Amino acid sequence: MWQAIAEHINSELDSNFQVEHKIQLDGGSNNLAWHISGKEQHYFVKLNQREQLQQFETEALSLQALQQAHCIRVPQVICSGQTVDKAFLVLEYLTLQGESVTGWHTLARQLALLHKQHDQAMYGFDWDTMLGSTVQPNKWLSNWSSFFSEQRLGWQLQLLLEQGFGFGKIDYLVEQCRQRLHHYQPSPSLLHGDLWRGNVGFCVDAPAVFDPACYFGDRETDIAYTSLFGRFPDAFYQSYNECYPLDQGFNERKDVYNLYHVLNHANLFRGAYLVQAQDMIKQLFY
């Protein structure tokens, strides 16, 4: 397997890399992760079952979209592909250090710069992305309330219902969500899409973000998620608001946006997330 991955790297970079050392890392709940190296070349490799190649390909496309925006550092995509029994994604290996107040200030300013780029008039993306191992549909729409209520909440609710977990009539909940956002039409921003502490790191010279699930949407969804699972430090929000102040109604929309991620966790992990999703739905829509 490692020889096949090295050959893919060499084909992409026109190099003569050979795997001399490999160290298994924490790959999160979905993938295996490795640091491979040889002759002062270092790469980060994600592994999963062969049929999961699409997940890695869409992650690579999201990373490249963020890289092309020239605002926030992301690991460079080297290559993706399949071996006999595995799918893999090879990325630049970033040496990380501990977080700092300065690093959080910098991340906030860079994210604000990304969100200020309003080059797209519609909501969506040119391809569907993956939120964890869940497909995230991104069909282009011109209305934000329709996009979020249908392709975010409605989609997750339908997936849960198909697995036997219902939270009420989906059409009713989608319409309630649409009404909550009905008079709000934000300028589309390129979003990270899965921005929590586990997808942020700090290099010597700059912060970096990983594992994006990009699309064009309301920037508030990125900011809302930073407060759901391990809230970012106050320094982050202070600097973000100095660069790009949040709209006055953000706190009214934040829980609606975070319900999407709680529903996705309920889909992936069940357990307490099902209870949390039920409680949030009752609070927001009943």
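Residues numbered from 1 in each chain as written. Predicted model: local features only at pLDDT ≥ 70, side-chain atom pairs only at ≥ 80, totals over all residues. Heavy atoms only, no water.

Asks: Explain the overall build of the protein chain to me, please; I cannot follow it from the model alone.
Replies: Counting its regular elements, the protein chain contains nine helices and 11 strands. What you see for the protein chain is a C-alpha radius of gyration of 20 Å, in line with the 19 Å of a compact globule of 286 residues. With the C-alpha coordinates aligned to their principal axes, the bounding extent of the protein chain is approximately 60 × 45 × 35 Å. Looking at the 286 residues of the protein chain, the share that counts as buried comes to 53%. Within the protein chain, contacts between residues at least 6 apart in sequence are counted, and of these 66% link residues at least 24 apart. (Helix = DSSP H or I, 4+ residues; strand = E, 2+ residues; numbered from the N terminus. Rg over C-alpha atoms; globule rule 2.2 N^0.38 Å. Buried < 20%, exposed > 50% of the residue type's maximum accessible area, 1.4 Å probe, protein only. Contact = heavy atoms within 4.5 Å.)

Asks: In this structure, what is going on with the nonpolar core? I would like to understand it.
Replies: Of all hydrophobic cores here, the largest spans 70 residues; its most connected members are Trp144, Phe148, Phe167, Phe236 and Leu263. The element best represented in this core is helix α8 (residues 250–269), accounting for eight residues. Once residues within four sequence positions are removed from consideration, Phe167 is found in contact with Leu157, Leu160, Leu173, Leu263, Leu274, Ala277, Gln278, Ile281 and Tyr286. Counting residues in hydrophobic clusters, the runner-up holds 14 residues, among them Trp2, Ala6, Phe17 and Val90. (Core = buried A, V, L, I, M, F, W, Y, C linked by side-chain atoms within 4.5 Å.)

Asks: Teacher, can you tell me more about the side chain of Ser37 here?
Replies: Structurally, Ser37 can be placed in strand β2 (residues 32–38). You can call Ser37 buried: its relative accessible area is 9%. Residues in contact with Ser37, not counting those within four places in the same chain, are Phe17, Gln18, Val19, Glu20, His21 and His42.

Asks: Just checking my understanding: could you explain the pairing of strand β5 (residues 86–92) for this structure?
Replies: Side chains on a regular strand alternate between the two faces of the sheet. Burial of β5 is extensive: six of the seven residues sit out of reach of the surface. Alignment of strand β3 (residues 41–49) against β5, held across seven bridges, turns out to be antiparallel. The residue bridging Leu47 from the neighbouring strand is Phe88, located in β5. Two elements, strand β4 (residues 77–82) and β5, share five bridges in a ladder whose sense is antiparallel. Bridge pairing links Gly81 to Phe88 in β5. (Pairing = 2+ DSSP bridges.)

Asks: Explanation requested: empty space enclosed by the protein in the structure shown.
Replies: Over the atoms, a rolling probe the size of a water molecule traces out where space has been left empty. Under the counting rule described, the total for this entry stands at three cavities of 30 Å³ or more. What lines the largest cavity is simply Gln136, Phe148, Gly193, Asp194, Tyr215, Thr221, Asp222, Tyr225, Tyr257, Tyr260 and His261. Residues that form the lining of the largest cavity fall into these classes: five nonpolar, four polar and two charged. Its volume calculated, the second largest cavity comes out at about 40 Å³. Lining the second largest cavity are Leu157, Leu161, Phe165, Gly166, Phe167, Gly168 and Ile170. (1 Å grid on protein atoms, 1.4 Å probe; cavity = no way out; pocket = protein on both sides within 12 Å on 5 of 7 lines; lining within 4 Å. Points joined across faces, edges and corners; volume = space filled by probe spheres on them. Nonpolar A, V, L, I, M, F, W, Y, C, P; charged D, E, K, R; others polar.)

Asks: What is the right way to read the sheet that holds β4 from this model?
Replies: Each strand in a sheet pairs with another by means of backbone hydrogen bonds, the pair being arranged parallel or else antiparallel. If you walk across this open sheet you meet the five strands as β1-β2-β3-β5-β4, and the pairing is antiparallel. The open sheet has two free edges, formed respectively by β1 (21–25) and β4, since each of these has just one partner strand. Taking each pair of neighbouring strands and ignoring which way they run, the sheet shows an average axis angle of 20 degrees. Relative to β4, helix α1 (residues 2–13) is tilted by about 135 degrees, and along the sheet it contacts β1, β2, β3, β4 and β5. Here helix α2 (residues 53–69) sits on the sheet in contact with β3, β4 and β5, set at roughly 20 degrees to β5. (Axes fitted to C-alpha atoms, helices over the stretch in contact; angles between N-to-C directions.)

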